[in-house]
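# Summary of structural features
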Protein chains: 2
Amino acid sequence: MTDTPSGLPPAIEQLWGLRGSGRRGGPKPALSLERIVAAAIGLADEGGLPALSMSRLAEALGFTTMSVYRYVASKDDLLVLCLDATIGAAPELDGDWREQLEGWARALRVRYQQHPWMLDVPISGLPAGPNQLVWFERGLRALASTTLEAGQRASTVLLLSTYVRGQVQMVADLVRAATPVDGQPPVDWAAVVRRVADPDRFPEVAALVSGGVFDDELDAFPDEEFDFGLRRILDGVDALARSRVSG
Amino acid sequence: MTDTPSGLPPAIEQLWGLRGSGRRGGPKPALSLERIVAAAIGLADEGGLPALSMSRLAEALGFTTMSVYRYVASKDDLLVLCLDATIGAAPELDGDWREQLEGWARALRVRYQQHPWMLDVPISGLPAGPNQLVWFERGLRALASTTLEAGQRASTVLLLSTYVRGQVQMVADLVRAATPVDGQPPVDWAAVVRRVADPDRFPEVAALVSGGVFDDELDAFPDEEFDFGLRRILDGVDALARSRVSG
DNA sequence: CTAGTTCGTGTATGTCGTACACAAGTTAGA
DNA sequence: TCTAACTTGTGTACGACATACACGAACTAG
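As a starting point, this report considers the structure included with it. Because the structure is predicted, anything quoted here is derived from the model rather than measured. (Residues numbered from 1 in each chain as written. Chains lettered and ligands numbered in written order. Predicted model: local features only at pLDDT ≥ 70, side-chain atom pairs only at ≥ 80, totals over all residues.)

## Let's talk about the overall build of chain A
Of regular secondary structure, chain A possesses eleven helices and zero strands. What you see in chain A, going N to C, is helices and strands ordered as α-α-α-α-α-α-α-α-α-α-α. Taking 18 Å as the expected radius of gyration for a compact globule of 247 residues, we find that chain A reaches 22 Å, considerably beyond that expectation. Counting only C-alpha atoms and orienting by the principal axes, one finds that chain A spans roughly 75 × 60 × 30 Å. Pairs at least 24 residues apart make up 65% of the contacts formed inside chain A by residues separated by at least 6 positions. (Helix = DSSP H or I, 4+ residues; strand = E, 2+ residues; numbered from the N terminus. Rg over C-alpha atoms; globule rule 2.2 N^0.38 Å. Contact = placed C-beta atoms within 7 Å.)

## Digging into the environment of Arg98 of chain A
Residues and elements named next belong to chain A. Its location among the elements puts Arg98 in helix 6 (residues 97-114). Classification of Arg98 by C-beta neighbours within 10 Å gives partly exposed; the count is 16. Considering only alpha carbons, one finds Arg98 and Val237, 139 residues apart in sequence, at a separation of 9.0 Å. If we ignore the near neighbours within four places in the chain, the residues touching Arg98 are Leu234 and Asp238. (Buried ≥ 20, exposed ≤ 12 C-beta atoms within 10 Å, placed from the backbone.)

## What about the protein's contact with DNA strand C?
Around DNA strand C there are 26 residues in total, and Gly25 and Gly26 of chain A together with Gly25, Gly26 and Ser53 of chain B lie nearest to it. Mapped onto the surface near DNA strand C, the elements with two or more residues apiece are helix 4 (65-68) of chain A together with helix 3 (54-61) and helix 4 (65-68) of chain B. Ranked by the residues each element gives to the surface near DNA strand C, the list is headed by helix 3 of chain B, at three residues. In terms of residue class, the surface near DNA strand C is made up of nine nonpolar, ten polar and seven charged. (Near = placed C-beta within 6 Å. Nonpolar A, V, L, I, M, F, W, Y, C, P; charged D, E, K, R; others polar.)

## Quick notes on the relation of the copies chain A and chain B
Superposing chain A onto chain B requires a rotation of 180° together with a translation of 0.0 Å along the rotation axis, leaving an RMSD of 0.1 Å. Those values place the two copies in the arrangement expected of a two-fold rotation axis. Relative to the rotation axis, the C-alpha of Gly236 of chain A is the closest in chain A, positioned 2.1 Å from it. By residue overlap, the copies meet face to face through one surface: 100% of the interface positions of chain A are interface positions in chain B. (Least-squares fit on C-alpha atoms with pLDDT ≥ 70 in both.)

## Considering the interface of chain A and chain B
Between chain A and chain B, the residue contacts involve 55 residues of the former and 55 residues of the latter. Within the residue set of the side of chain A that touches chain B, elements represented by two or more residues are helix 7 (130-142), helix 8 (150-177), helix 9 (189-196), helix 10 (203-210) and helix 11 (221-246) of chain A. Tallying contributions element by element places helix 8 of chain A first for the side of chain A that touches chain B, with 15 residues. When the residues that make up the side of chain A that touches chain B are grouped by side-chain class, the tally is 35 nonpolar, ten polar and ten charged.

## Quick word on the protein's contact with DNA strand D
The immediate surroundings of DNA strand D are formed by 25 residues, with Ser53 of chain A together with Gly25, Gly26, Ala30 and Met66 of chain B found nearest. When residues of the surface near DNA strand D are traced back to their parent elements, those giving at least two are helix 3 (54-61) and helix 4 of chain A together with helix 4 of chain B. Of all the elements, helix 3 of chain A adds the most residues to the surface near DNA strand D, at three residues. The residue inventory of the surface near DNA strand D, partitioned by class, reads nine nonpolar, ten polar and six charged.

## What about the environment of Trp189 of chain A?
Mapping Trp189 of chain A onto the fold places it in helix 9. A residue is classified by how many C-beta atoms lie within 10 Å of it, and Trp189 of chain A, with 17 of them, is partly exposed. Remark: the alpha-carbon pair of Trp189 of chain A and Ala177 of chain A, spanning twelve residues in sequence, is separated by 8.1 Å. Not counting the four nearest positions on each side in its chain, Trp189 of chain A is found in contact with Ala177, Ala178 and Phe214 of chain A together with Leu126 of chain B.

## Quick notes on the nonpolar core
Core analysis: the largest hydrophobic core is formed by 126 residues, its most contacted members being Ala40 of chain A together with Ala40 of chain B. Excluding anything up to four places from it in sequence, Ala40 of chain A contacts Leu52, Leu57, Leu78 and Cys82 of chain A. (Core = buried A, V, L, I, M, F, W, Y, C linked by C-beta atoms within 7 Å.)

## Some thoughts on the packing of helix 2 (residues 33-45) of chain B against helix 3 of chain B
Geometrically, a packed helix pair is captured by the angle between its two axes and the distance between the axes. All names here are of chain B. It is at 10 Å that the axes of helix 2 and helix 3 come closest, and there the two elements cross at 115°. Of the possible angle classes, the one that applies to helix 2 and helix 3 is roughly perpendicular. Note on packing geometry: the crossing formed by helix 2 with helix 3 is right-handed. Contacts between helix 2 and helix 3 involve Arg35, Ile36, Ala39, Ala40 and Leu43 on the former and, on the latter, Arg56, Leu57, Ala60 and Leu61. Tallied by class, residues from the contact of helix 2 with helix 3 come to seven nonpolar, no polar and two charged. (Axes fitted to C-alpha atoms, helices over the stretch in contact; angles between N-to-C directions. Parallel < 35°, antiparallel > 145°, perpendicular 65-115°, else oblique. Left-handed = near helix turned anticlockwise from the far one by under 90°.)

## Brief notes about helix 2 (residues 33-45) of chain A
All names here are of chain A. Helix length check: helix 2 (13 residues) gives 18 Å between terminal C-alpha atoms against 18 Å at 1.5 Å per residue, within 8%. Along helix 2, the residues that are buried comprise Ile36, Val37, Ala39, Ala40, Leu43 and Ala44. Relative to the axis of helix 2, the buried residues are bounded by an arc of 165° and lie together on one face. Within two residues after helix 2, Gly47 carries a phi angle of roughly 110°, on the positive side. (Expected span 1.5 Å × (residues − 1). Arc of directions from axis to C-beta.)

## A few points about the packing of helix 11 of chain A against helix 8 (residues 150-177) of chain B
It is the contact of helix 11 of chain A with helix 8 of chain B, at a shortest axis distance of 10 Å, that shows an interaxial angle of 70°. In this view, helix 11 of chain A runs roughly perpendicular relative to helix 8 of chain B, as classed from their interaxial angle. Counting all contacts with helix 11 of chain A, which are made through Glu225, Phe228, Gly229 and Arg232 of chain A, the residues of helix 8 of chain B involved are Ser155, Leu158 and Leu159 of chain B. When its residues are assigned to classes, the contact of helix 11 of chain A with helix 8 of chain B shows three nonpolar, two polar and two charged.

## Focus: the environment of Val193 of chain B
Position of Val193 of chain B relative to the elements: it lies in helix 9 (residues 189-196). Judged by C-beta crowding, with 19 C-beta atoms within 10 Å, Val193 of chain B ranks as partly exposed. It is 8.3 Å that separates the C-alpha atoms of Val193 of chain B and Val205 of chain B, two residues lying twelve residues apart in sequence. Setting aside anything within four residues of it in sequence, one finds Val193 of chain B in contact with Ala128 of chain A together with Val205, Val209 and Phe214 of chain B.

Encoded structure:
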């Protein structure tokens, strides 16, 4: 379980099925990677990352804790497998490059929203799972018809995925903070800022809160905020593309 | 240590010095929040977040583990204090709005690079520390001279901070994965992708790697990638500002 | 049949965050 | 000045966690 003849990280090998399953003896495995990953995702979907411990996972499967380690080198590796499985298949896209990229970003956002725990997984290494690579491929393909250089296309897709991830995370934190959690009243963020933002030291912030920008946005806020950033970024890419056409 | 008469989260109260230090008896405190936070930051700076445990922190201070809890409600609260202290004072900026925002983003990036563990701190709640609020204020001020609405200015600053954080994190992960860690040879990411990206299923990705886009970038890569995204975003903001002037 | 391999399991270790109770120090009011 | 109230640092303890290790049982290739 620790040697990687191909030189690839263990989790990556498993993701691509390169794991040499040369069974040379022993009892038939009663478990399978698929079952383990599915159960792990289930635990994380309800209860978040904290609910996903090796012992709880084993219990959910009806086995002992250590049995899971026959299939997975470590919890970190398991998380990598869960991530690729959860991100799932990238969507088919059509339209011009901008419509495609927009659809790409929105679809990615939906995945994150459906499985918020993905945002809490400490990223250790680059995405090289099959599904993640398909997402990357689709993003690149959306830009194939443009005049951008190869490197610029890659950077654009990277920029978008960075944006989606960061944006969903920020909004999720914001909403979490404003949501009652243990019978406690939610933190009214506008009130906190109002209390703390002295108009002398923080004139702009104070003007913002007194202008009501931080109020009433609880529902529409996430979508609007996402759209705003996405539009700015795509506008920037558009400007780059145009400059390469005319220049 | 658990009651918050002002209704604010405990950590926020401490950040703003609202902690009613009505000492009504008891020995003089031998420790101080400042010393604790400084020691915690020191531990995290060398060794990352895993090196910052309550026991190690207490040991570094020369006290017992539990003594720290006389000054801090929980480790999470401590982390909030550390974050605000580490982000530090926002820089003075000058130039037009674009130059100011660019300087703002670059300065923020430097902070993250100097203290990479900040990226690993699970965000729980919104930034409302004094320093973080100054950063926000400075960002807003950079846009004060533009025609953007108040909400658009806020969204722009939010977009930028989201971008900087996500970008630095992504690059940090990439570099970490490509860096030898325990005498192990580093993971050659280009090689992994080359090995795994079947040209039939992943034509765009394969073209990218065979085009050498993933090679040789180890040093210049982070800066170039950051600049690319930053420029796109600012171009997008610029387009918005211009549209509001002419339209 | 047997030697080698792999399975699931039980036990154990070390680390972590933190609840709790206590003795000693300190202050405000009687 | 005495005392009641409170705070300080400390010791002990608990439960959760990831995971190393060794063992017996199951299986399969020779």
